Each structure stands twice: as structure tokens, then as C-alpha cells.
2 protein chains.
Amino acid sequence: MSLVGIDWGGSNLRAFRFGAEGALSETRASPLGVSRLDGRSFEDALESVIGDWLPAEILVCGMAGTRGAWREAPYVPCPAALDQVAARLETFETRLGPVRMVPGLSTLTAGGLNDVLRGEETQIFGAVDPAATALVIAPGTHSKWCRVSAGRIEGFRTWMTGELFAVLAAHSILGRLMRGRAHDEDAFVRGVSFALEDPDIAGLLFSVRGEALLGRLEPQASAAYLSGLLIGAEVRSGLSANASAPIILIAAEALADRYRTALSLAGEPPQRIVDGAEASAAGLSRISGFIHNSI
Amino acid sequence: MSLVGIDWGGSNLRAFRFGAEGALSETRASPLGVSRLDGRSFEDALESVIGDWLPAEILVCGMAGTRGAWREAPYVPCPAALDQVAARLETFETRLGPVRMVPGLSTLTAGGLNDVLRGEETQIFGAVDPAATALVIAPGTHSKWCRVSAGRIEGFRTWMTGELFAVLAAHSILGRLMRGRAHDEDAFVRGVSFALEDPDIAGLLFSVRGEALLGRLEPQASAAYLSGLLIGAEVRSGLSANASAPIILIAAEALADRYRTALSLAGEPPQRIVDGAEASAAGLSRISGFIHNSI
């Protein structure tokens, strides 16, 4: 049977259809993310997106495997290589046929705190050469910085950059002086630069208001300035917490541009940028290939 | 005429009535904060709270003097002593008689960014001995750390600690695993301790989720842990950004307890704790007294 790979995140779902030879033949995107199902069942939602591709082998990664979602695939502790993740797939029967769920990873940070990711393990297996050593950054709602050595994910840390931006812009006093969310490169670079110099992001955030009230920040540039502060703070502390290694950035175009700018301002431009959907597709294909070769 | 002092903040209003001899004779609190007027006029709102105290001299500090509120009293740049603030009161006629509005302060942070406060200048003039040197901390939605020397406010910096807690608990993924907001001293201390050790608050926040998912943080203790992380980060970076000086904490009981705990864990317990309403009343009385003595 040919493979259908699913990257099922919180806010959307991506489906990849592979041909008999393993080549990607079709991609679909749907807004039916795990937290946007509105009472629909996971089976119904998935069938509405890929029903006409069935029967097929179904392999799912991402938030659908978290506790309380479709079917929990418990976290695999780091360090974790592809064979360890593949050995812990959660297989279960559905109306659409058997489904395999890829587990997320857990790690202990330097300070001894638990951290988790789900979906990025698959993107990393797809984006990073099995022999490579790299620092992989997967920005987004929750940005993940992952140390990879000889294809093994050694550990990682999460920055809530995207979500902080969203909640501060929508619900805090900082959003009140914003007009729109258009990108303003000057304001973005200014925010990044301040955050690269000053390690204290909690003390920098209020400058969005102070600078605006004193007339040095335009309402239509405030969102880009806040984005720059937050991404700059992430880049500063992510780089200082990790040994130097070639940086691979997994992100779609607009976000990749922002992180490339911030990393370059910090003196560490990314060596390679990989589109997130391509990384997911390649990772799902590799995990499936590994299972079939090892059976 | 006797004095009626008003501390008019975003979420509530406090009114202080002083007797002919200048002693505080009555205090009222109202939920009619600047951002909760629901279309009511400032004059109507104020009259509903203190109409029976009129006629009187009316002196107002706080958010009511910000741009777009009742009447803008432009920021006075730091360093600023009481006489400079008193010289810049904004006086205007109202149905309730003439009103004097106390201006807020602006400052440039070490990094050259604008910061502002409004209301805390009055509390500081009320809480700090005119000859004293102190580091004044006024925590809350926006926590202010103010350097005071010989009664003059030299400069300050804002941490958005209270607002970050509120928006993250209400609107982010961190709030989803919380059950209630009850205080849990152990979890609070644990959060403070992590943040005092690790300068990277942006990278620590997600541990609220990681620790909960891995079973090391109870849902009913998550809010206190997040509060500890945020207050700990503020205390760590506030102390590192300021020269050592006796610390005066201006806050009401519950918040004062949290900050006393965090400051003590950092090795810098406050020398004195002053209730916020008492500080506002004393400051309004001092400003009024200064005007009458200098006329």
C-alpha cells in the first residue's frame, strides 16, 4: 500500500500522498487543526481531507498525538534517533484503516526542567542529513531549538515567541497603540537590535508603549517592533545556550525571512533554510521507509 | 478649601478626603477605573464617588492624566523632584470645580529606550523620606523599579509582570493546564528559584507546560508556579540593573508577600513595605502642601 503522511498541528493539517515508488505525488492543506475541529471527530475530519486517497498506509505526526487529542503517543526521552522514535509508534484501528501515530520527544533542560515537542522530531528527521551535526531552529507559535548530532536529537528548548507575540498584540496594553500587523523592516531590525544587546526581554517589552507614547514609534510599526524584540531575545538566548554548529532553519517564507535577519544580525546566519511542509513530508517518508526496511 | 485627592488608575479609583488640618479623614474605593467607565464621562464618574465631599480642592494622579483620558498632563522627564512635578500640574475647569492633574514621568533606560510611569511618582513622594536614597519597587500590572536619591526620582524601568501573568493565564496554552489561581507557596518558590538562576525567562515560560505534561506540576499549582517564574525574573533582572540601595516596596498585602518572598530568596529583602493607597494619599497631600506653601 502507498503512504499517506499527515502533519496534524493545532491550527491546521497537512496531508502528503506518496506514490508506489515513494515519491511525493500530492499535497493538501486544511484548516482542520486539532484545536479547530469544533466537535467533529478526528476520523471524520481526516476522511474529509484524504478520503479519496484511501485505502493507504496512514502515518500521523504532530499535536494529534498529544494527551486528550486523537490518540496519545507518549513522549520519547532525548537523546532520540529515528529508530527509537519508529519503535514507539502508537498503532490503532480506525474506520479509515490502521493509523500509526509518531510520538513527540521530551527532554530535561540544563536547569532540570521538562520540555516537550511534537511534530518537529519528524521535520528534523526529514530536514537533517543522518550524519550531520546541526542546530535546528523550528520557529512558530512555540519555537524549538534542537541540538542534532549524527542524526540523533540530543535535546532541545522551547521559546514561546509566536504565542507571546499573539497574546501581547491581541490582549495587552501593547496592542492598544498598534495599527495593523504589516511588516516594517526598520522597526523589526530596531527591535531585534535592542534585544540582542539587552538580555532582559521582560524589561524591554514595555518599550513598545514608552517609545510610542514619546513619539518615536509609529502605530503602524509597533507590531513589527514587538516581533523584533521577541525574536531578537529568542535568538540571543538560543545562541548563548548552544554550542556553535551549522544552523538549519525549518520555516515557511515570511517567518524564515525574519529569523534569517535576526540570526544574521547576531552574526550567525543560517546555513540552510528548509520549508516546514517539505520537512514534514520527508520525515514521514523516512519513518515509514525505516519501518518497512526493518520488518 | 480642604483637599480631595484622587488616585485614578486603569482598573479602579481611590479617593482621599483630608480635613482642614491636612489629616486624612476618609477613604473611598471605586471600580470606576479609567478603562472601565463604559461611556460615562470622567466628571459624572468622579461626582458619583465624591460629590458629597464638594466643594473641595481636587488633585488627581494616575492614568486619568494620560493622553486620550480625562486631561493629558504631559510627562516630566527624569531626574525629577517634587517641586518639578508640582510646577507642571495641569489645571482645568470642570463642573466639580477646578481640577489639578499630576503629570507622569518619562525616562531613558540604559539602552536608550523611552519608559513612562503615571501615579507611582505620587506614591514615591508619599512613601520615601525627602532625604532618602532608595530603590522603590511598585509592583502590579506594570511593575516599576525607581531609583530615588535625596528625594529625587533619578530614573526607572518597567516590567510587565502582572499583565504578562494575566494574558498568559487567560489566553495562552499555559493557562489550559491550570486549575484555579489559588496561591501555592511551594510552587511559587520553585518558580522564583528557577528564574533567579536562569536569566532566560522567555525560555523558561514553556516549562509551565513541560512540567505539567510530565506530571511534575499539579494543575492547581500551575498558576502560582508561573507567577513565581515571572516575579523571579523581574527581581533577578531588576536587582542586577540597579546599584544596591535600601528597598522600599509599595504594594498591598498579597502582592507585597510575593515580592518580599522573591526579594528575600534573592538575598535582598525589602527594608520597608508601604501600602499603595497610603502612599498615594500621602503623596497627594505632600504635593498639595507644596503648592500652598510656594504660592
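For the structure, check the block above.
Residues numbered from 1 in each chain as written. Chains lettered and ligands numbered in written order. Predicted model: local features only at pLDDT ≥ 70, side-chain atom pairs only at ≥ 80, totals over all residues. Heavy atoms only, no water.

## Observations regarding the overall build of chain A
Basically, it comes down to this: Here a helix means four or more residues in a row that DSSP labels H or I, a strand means two or more in a row labelled E, and each is numbered from the N terminus. A radius of gyration in this sense is built from C-alpha atoms; the matching globule rule multiplies 2.2 Å by the number of residues raised to 0.38. We call two residues contacting when some pair of their heavy atoms lies within 4.5 Å.
On a plain count of helices and strands, chain A comes out with eleven helices and 14 strands. Against the 2.2 N^0.38 benchmark of 19 Å for 295 residues, chain A shows a C-alpha radius of gyration of 20 Å, consistent with a compact globule. On the principal axes, the C-alpha backbone points of chain A span a range of 65 × 40 × 35 Å. Taking contacts inside chain A between residues at least 6 apart in sequence as the whole, the part at least 24 apart equals 64%.

## What about helix α3 (residues 120–127) of chain B?
Spelled out, the test is: Residue burial is assigned from relative accessible area. The probe radius is 1.4 Å, only protein chains are included, and a residue is buried under 20% of its type maximum, exposed over 50%, and partly exposed in between.
The element α3(B) is largely enclosed, with a buried count of seven among its eight residues. Burial in α3(B) covers these residues: B:Glu120, B:Glu121, B:Thr122, B:Gln123, B:Ile124, B:Phe125 and B:Ala127.

## A look at the packing of aromatic side chains
The condition is simple: Two aromatic rings, drawn from Phe, Tyr or Trp (for Trp, its six-membered ring), form a pair once their centres lie within 6.5 Å of each other, and the interplanar angle then sorts them: stacked below 30 degrees, edge-to-face above 60, tilted otherwise. Charge-over-ring placement is defined geometrically: NZ (Lys) or CZ (Arg) within 6 Å of the ring centre, and within 35 degrees of the ring normal.
Going through the model one piece at a time under the given rule, you end up with twelve aromatic pairs over all chains. A centroid spacing of 5.2 Å and a plane angle of 85° characterise the contact between B:Trp70 and B:Phe92, whose relative ring orientation is edge-to-face. With B:Trp70 in the loop between β4 (57–61) and β5 (76–77) and B:Phe92 in strand β6 (residues 90–92), this residue pair connects regions lying 22 residues apart in the sequence. Sitting over the face of the ring of A:Tyr75, A:Arg118 holds its NZ or CZ atom 4.4 Å from the ring centroid.

## Quick look at the relation of the copies chain B and chain A
What counts is decided by this rule: Least squares is used to superpose the copies, and the fit set is the C-alpha atoms of residues whose pLDDT is at least 70 in both copies.
In the superposition of chain B on chain A (RMSD 0.0 Å, axial shift 0.0 Å), the rotation amounts to 180°. This pairing of chains is accounted for by a two-fold axis. Across chain B, the smallest distance between a C-alpha and the rotation axis is recorded for B:Val167, namely 3.2 Å. Both copies contact each other with a shared surface, as 98% of the interface residues of chain B are interface residues in chain A too.

## Details of the interface of chain B and chain A
Definition in use: Note: buried area is the sum, over both parts, of the accessible area (probe 1.4 Å) each one loses when the two are combined. Every case where a carboxyl oxygen of Asp or Glu lies within 4 Å of a side-chain nitrogen of Lys or Arg is listed as a salt bridge. Any pair of nitrogen or oxygen atoms within 3.5 Å is treated as a polar contact; in protein, a donor-acceptor pairing is required on top of that, and neighbouring residues in sequence qualify only through side-chain atoms on both sides. Polar here means any residue outside two lists: the nonpolar Ala, Val, Leu, Ile, Met, Phe, Trp, Tyr, Cys and Pro, and the charged Asp, Glu, Lys and Arg; Gly therefore counts as polar.
Contact with chain B, which involves 45 residues of that partner, is made by 44 residues of chain A. Looking only at chain B, the three residues that lose the most surface to chain A are B:Leu113, B:Asn114 and B:Phe206, adding up to 17% of its buried area. For B:Arg157, the salt bridge is made with A:Asp198, and the minimal N-O distance between the two is 3.0 Å. Summed over the shared surface of chain B and chain A, the result is 17 residue pairs in polar contact (both at pLDDT 80 or more). Counting only elements with at least two residues in the side of chain B that touches chain A, the list comes to β8 (105–108), β9 (114–117), β12 (152–159), α4 (161–171), α5 (173–176), α7 (201–204), α8 (207–213) and α9 (222–241) of chain B. Looking at the side of chain B that touches chain A, its residues break down into 22 nonpolar, 13 polar and ten charged.

## Let's talk about the nonpolar core
Selection rule: As used here, the term nonpolar core means buried Ala, Val, Leu, Ile, Met, Phe, Trp, Tyr and Cys residues forming a set that is joined through side-chain atoms within 4.5 Å.
Residues A:Ile201, A:Leu205, B:Ile201, B:Leu205 and B:Leu226 are the most contacted members of the largest nonpolar core, which totals 93 residues. A:Ile201 has contacts with A:Leu229, A:Leu230, A:Ala233, B:Ile201 and B:Ala202, leaving out every residue within four places of it along the chain.

## Things to note about the pairing of β12(B)
Residue and element names in this part refer to chain B. Using the following cut-off: Any two strands with at least two DSSP bridges between them are considered paired.
Here β12 lies mainly inside the structure; six of its eight residues are buried. Here strand β11 (residues 143–149) runs beside β12; their pairing, made up of seven bridges, is antiparallel. In the strand pairing of β12, Arg147 is matched with Gly155. Hairpin connection between β11 and β12: a loop of two residues separates the two successive antiparallel strands, and Ala150 in this loop has a positive phi of roughly 50°.

## Concerning helix α11 (residues 276–294) of chain B
Three- or four-residue spacings in an α-helix give side chains the same orientation, since the helix completes a turn every 3.6 residues. All names here are of chain B. Short version of the rule: A helix is expected to span 1.5 Å multiplied by its residue count minus one.
Taking 1.5 Å of rise per residue, 19 residues should cover 27 Å, and α11 covers 27 Å from first to last C-alpha, within 8% of that figure. Burial in α11 covers these residues: Gly276, Ala277, Ala279, Ser280, Ala281, Gly283, Leu284, Ile287, Ser288 and Ile291. For α11, the side-chain oxygen to backbone nitrogen distance between the N-cap and Ala277 is 3.1 Å, and the N-cap itself is Asp275.

## Some points on the environment of B:Phe42
The topology assignment puts B:Phe42 in helix α1 (residues 42–50). Given the relative accessible area of 14%, B:Phe42 is considered buried.

## Section: the sheet that holds strand β1 (residues 3–8) of chain B
Residues and elements named next belong to chain B. To be explicit about the condition: Here the axes come from fitting lines to C-alpha atoms, over the contacting stretch only for helices, and the angles between their N-to-C directions go from 0 to 180 degrees.
Ordered by their spatial adjacency, six strands build an open sheet running β3-β2-β1-β4-β7-β6, and the pairing between neighbours is mixed. Two strands bound the open sheet, and with one partner strand each, they are β3 (24–30) and β6. Each adjacent strand pair in this sheet contributes to an overall mean axis angle of 20°, direction not counted. Pairing of β6 with strand β7 (residues 99–101), which is carried by three bridges, proceeds in the antiparallel orientation. In the sheet register, Thr91 faces β7, and the bridge partner there is Arg100.

## Topic: the sheet that holds strand β5 (residues 76–77) of chain A
Residue and element names in this part refer to chain A. Strand order in the open sheet formed by three strands is β5-β8-β9, with mixed pairing between adjacent strands. Since the sheet does not close on itself, it has two edges, and those belong to β5 and β9 (114–117), each with one partner. Both strand β8 (residues 105–108) and β9 contribute to a ladder of four bridges, which runs antiparallel. In the sheet register, Leu105 faces β9, and the bridge partner there is Leu117.

## Re the pattern of salt bridges
All names here are of chain B. By the definition in use, this model includes 22 salt bridges over all chains. Close ionic contact of Glu26 with Arg28 constitutes a salt bridge, the shortest N to O distance being 3.2 Å. According to the relative accessible area criterion, Glu26 is partly exposed, its value standing at 29%. Among the residues examined, Arg28 registers a relative accessible area of 22% and is labelled partly exposed. The salt bridge partner of Glu211 is Arg190, with a shortest N-O separation of 2.3 Å. Taken together, the residues Glu211 in helix α8 and Arg190 in helix α6 (residues 185–197) connect sequence positions 21 residues apart. Classification of Glu211 as buried rests on a relative accessible area of 0%.

## A few points about the pairing of strand β7 (residues 97–101) of chain A
Residue and element names in this part refer to chain A. Examined bridge by bridge, strand β4 (residues 57–61) and β7 share three bridges and lie parallel to one another. By the bridge assignment for β7, Val60 is matched with Met101. Here strand β6 (residues 90–94) pairs with β7 via five bridges, running antiparallel. Residue pairing in the sheet places Glu93 in a bridge with Pro98 of β7. A loop of two residues connects β6 with β7, the two strands running antiparallel in sequence.

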